[in-house]
Amino acid sequence: MDFSTPDHIQDLVKRTRTFIADEIIPYEKDPRWGEHGPSEDLRAEMNAKAKAAGLFAPHAPKEFGGLGLSHLERSWVFEEAGYSLLGPSAMHCGAPDEGNIHLLNEVASPEQREKYLKPLCQGARSCFAMTEPDGAGADPTMLAATAKVDGNGYVINGRKWFITGAKDSTFVIIMAKIEGGPHDGEATMFLAPMDDPAIVLESQMDTLDTSFAGGHWNMRFDDLRVDADAVLGAPGAGFRYAQVRLAPARLTHCMRWLGSARRAHDTACDYANTRMAFGQILGKHEGVGFMLADNEMDMRTARLSLQQASWLLDQGDRAAEESSMAKVQCSEAIWRIVDNSVQVLGGAGTSAHLPVERIFREVRGFRIYDGPSEVHRWSLARKALKRAAARTA
């Protein structure tokens, strides 16, 4: 692995950093950014600025106007985008659209690429419906939504929740279990336009985070009829495609929220460098300085871990274990960084006067999203024990 930053990425990083500072951070006081994410008109306004700056959807394939960045190249740019919680929405590189672009680029048929991937790369929004209130969550094998074989198509029924960005999305990727036919009982992904009346948005969920466009929703499918060509990829391959999407998506979450953690740390450093307490600047007190030093080390190890896993993906490796490790390491390091930053800032860190309070709320969910830390540790331990058993067999 080459640890140098390519020249073209250095230039892209500088441009992204300037764009976020000059164009996006000023929007953080805009009332159109509410508790359920930026409004659609705010998102469109920011998207237009990202397009003008040549920074829109940098991960998207070049054939549809993106920059076609590799996984490792994304790590530098996405971290800069995440320096503002609005940055990923502005640059159209946030969840779930970024992960859906990757999945469709890997799996979609030529017709599906034209119908769904192309408009998504150009600014449309989408959602990914897998998590269920009484079924699939941390354990996706508990999938309860069904797709009953019906002639040359399927009839989908089921309830989903925590579906990010469902409102104002143009289409949804649905994970459901086939009933009937040769793939009976097998998880499968389906594509469907969100304006179908059989797709019902039941209620918007109030959550800690506030940066995802469209917020999070409870939704259901009431006899949603789709044709056979609505299957994404192959019938019965839903869990395999979920891994195609989830391993890179874990890492891009790490990248974006590492940028947010760096913003919190920078804010704390600026404060500790100017605030006086007990006869000297705050940062010279060891209790404060050690927290800032821990932040520096956490940022470095998190960045190295996620970049190494990204590099493996670029080599064609599945990087399942590495991305799982990086997700746990980064989510927990990011939480420590932001928590330390709040502590250094004292009362100011708990108020909306500074950006750290909102970042604090935002990153807490990351230890749960894309698999709780405990599930990843459980999986990693199983694999470690399996290797140990093989050595002694």
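Worth saying up front: this structure is predicted, and the values here are computed from it rather than measured.

Draft legend 1. Looking closely at the overall build of the protein. The helix and strand inventory of the protein stands at eleven helices and eleven strands. Relative to the compact-globule value of 21 Å for 393 residues, the protein shows a C-alpha radius of gyration of 22 Å, a close match. Counting all 393 residues of the protein, 52% fall into the buried class. The long-range fraction of contacts in the protein, counting pairs at least 24 apart against all pairs at least 6 apart in sequence, stands at 74%. For the protein, the computed accessible surface area is about 17,200 Å², with 53% contributed by carbon and sulfur atoms.

Draft legend 2. The arrangement of the pairing of strand 6 (residues 171–179) in detail. With respect to burial, strand 6 is a largely interior element, seven of its nine residues being buried. When strand 4 (residues 146–150) meets strand 6, the two strands line up parallel, connected through three bridges. The partner of Ala147 across the bridge, within strand 6, is Ile178. Note that strand 6 and strand 7 (residues 187–193) share seven bridges and pair antiparallel. Its bridge partner being in strand 7, Ile174 is matched across the sheet by Phe190.

Draft legend 3. Examining empty space enclosed by the protein more closely. The tally for this structure, following the rule as stated, stands at one cavity of 30 Å³ or more. Computed from the structure, the largest cavity encloses a volume of approximately 240 Å³. Together, 20 residues line the largest cavity, and Pro88, Ser89, Gly94, Ala95 and Phe212 are the ones closest to its centre. Looking at the lining of the largest cavity, the elements with two or more residues in it are helix 4 (87–90) and helix 7 (238–272).

Draft legend 4. Region of the structure containing the nonpolar core. Counting 88 residues, the largest nonpolar core has Met91, Leu104, Met189, Leu232 and Ile334 as the members making the most contacts within it. With twelve residues, helix 7 is the single largest residue contributor to this core. Sequence-distant contacts of Leu232, that is, excluding residues within four places in its chain, are made with Leu103, Leu104, Val107, Ala108, Gln112, Ile173, Met189, Phe190, Leu191 and Tyr241. Core analysis: the second largest hydrophobic core is formed by 24 residues, Ala145, Ile156, Val172 and Met219 among them.

Draft legend 5. Geometry of a nonpolar patch on the surface. On the surface, Met1, Phe3 and Leu304 cluster together to form a nonpolar patch covering roughly 280 Å² of accessible area. On the secondary structure map, Leu304 appears in helix 8 (residues 286–314).

Draft legend 6. A look at the side chain of Ser323. If you trace the backbone, Ser323 turns up in helix 9 (residues 320–345). When sequence neighbours within four positions are dropped, the list of residues in contact with Ser323 reads Ala247, Arg250, Leu251 and Ala309.

Draft legend 7. View of the state of the cysteines. Scanning the model with the defined rule gives zero disulfides in all. As a non-bridged cysteine, Cys330 has Cys254 as the owner of its nearest cysteine sulfur, 3.8 Å distant. Residue class for Cys330 comes out buried when judged on its relative accessible area of 1%.

Draft legend 8. The pattern of salt bridges, seen in detail. Counted according to the given criterion, the structure contains 26 salt bridges. One salt bridge in this structure joins Glu132 and Lys160, with 2.8 Å as the shortest N-O distance. Of this pair, Glu132 sits in the loop between strand 3 (126–129) and strand 4 while Lys160 sits in strand 5 (residues 153–164), placing them 28 residues apart in sequence. Note on Glu132: relative accessible area 4%, which makes it buried. Relative accessible area serves as the criterion here: at 0%, Lys160 is assigned to the buried category. Here Asp150 ties to Arg225 by a salt bridge, and the two come within 2.5 Å at their closest N and O atoms. One end of the pair, Asp150, is in strand 4; the other, Arg225, is in strand 9 (residues 216–227), and 75 residues separate them in sequence. Take Asp150: its relative accessible area is 36%, and that puts it in the partly exposed class. Given a relative accessible area of 56%, Arg225 falls into the exposed group.

Reading guide: rules and limits
Residues numbered from 1 in each chain as written. Predicted model: local features only at pLDDT ≥ 70, side-chain atom pairs only at ≥ 80, totals over all residues. Heavy atoms only, no water. Helix = DSSP H or I, 4+ residues; strand = E, 2+ residues; numbered from the N terminus. Rg over C-alpha atoms; globule rule 2.2 N^0.38 Å. Buried < 20%, exposed > 50% of the residue type's maximum accessible area, 1.4 Å probe, protein only. Contact = heavy atoms within 4.5 Å. Areas by Shrake-Rupley, 256 points an atom, 1.4 Å probe, with all protein chains shown as cover. Pairing = 2+ DSSP bridges. 1 Å grid on protein atoms, 1.4 Å probe; cavity = no way out; pocket = protein on both sides within 12 Å on 5 of 7 lines; lining within 4 Å. Points joined across faces, edges and corners; volume = space filled by probe spheres on them. Core = buried A, V, L, I, M, F, W, Y, C linked by side-chain atoms within 4.5 Å. Patch = residues over 30% accessible without salt bridge, like charges linked within 9 Å, V, L, I, M, F, W, Y side chains within 5 Å. Salt bridge = Lys/Arg side-chain N within 4 Å of Asp/Glu carboxyl O. Disulfide = S-S within 2.5 Å.

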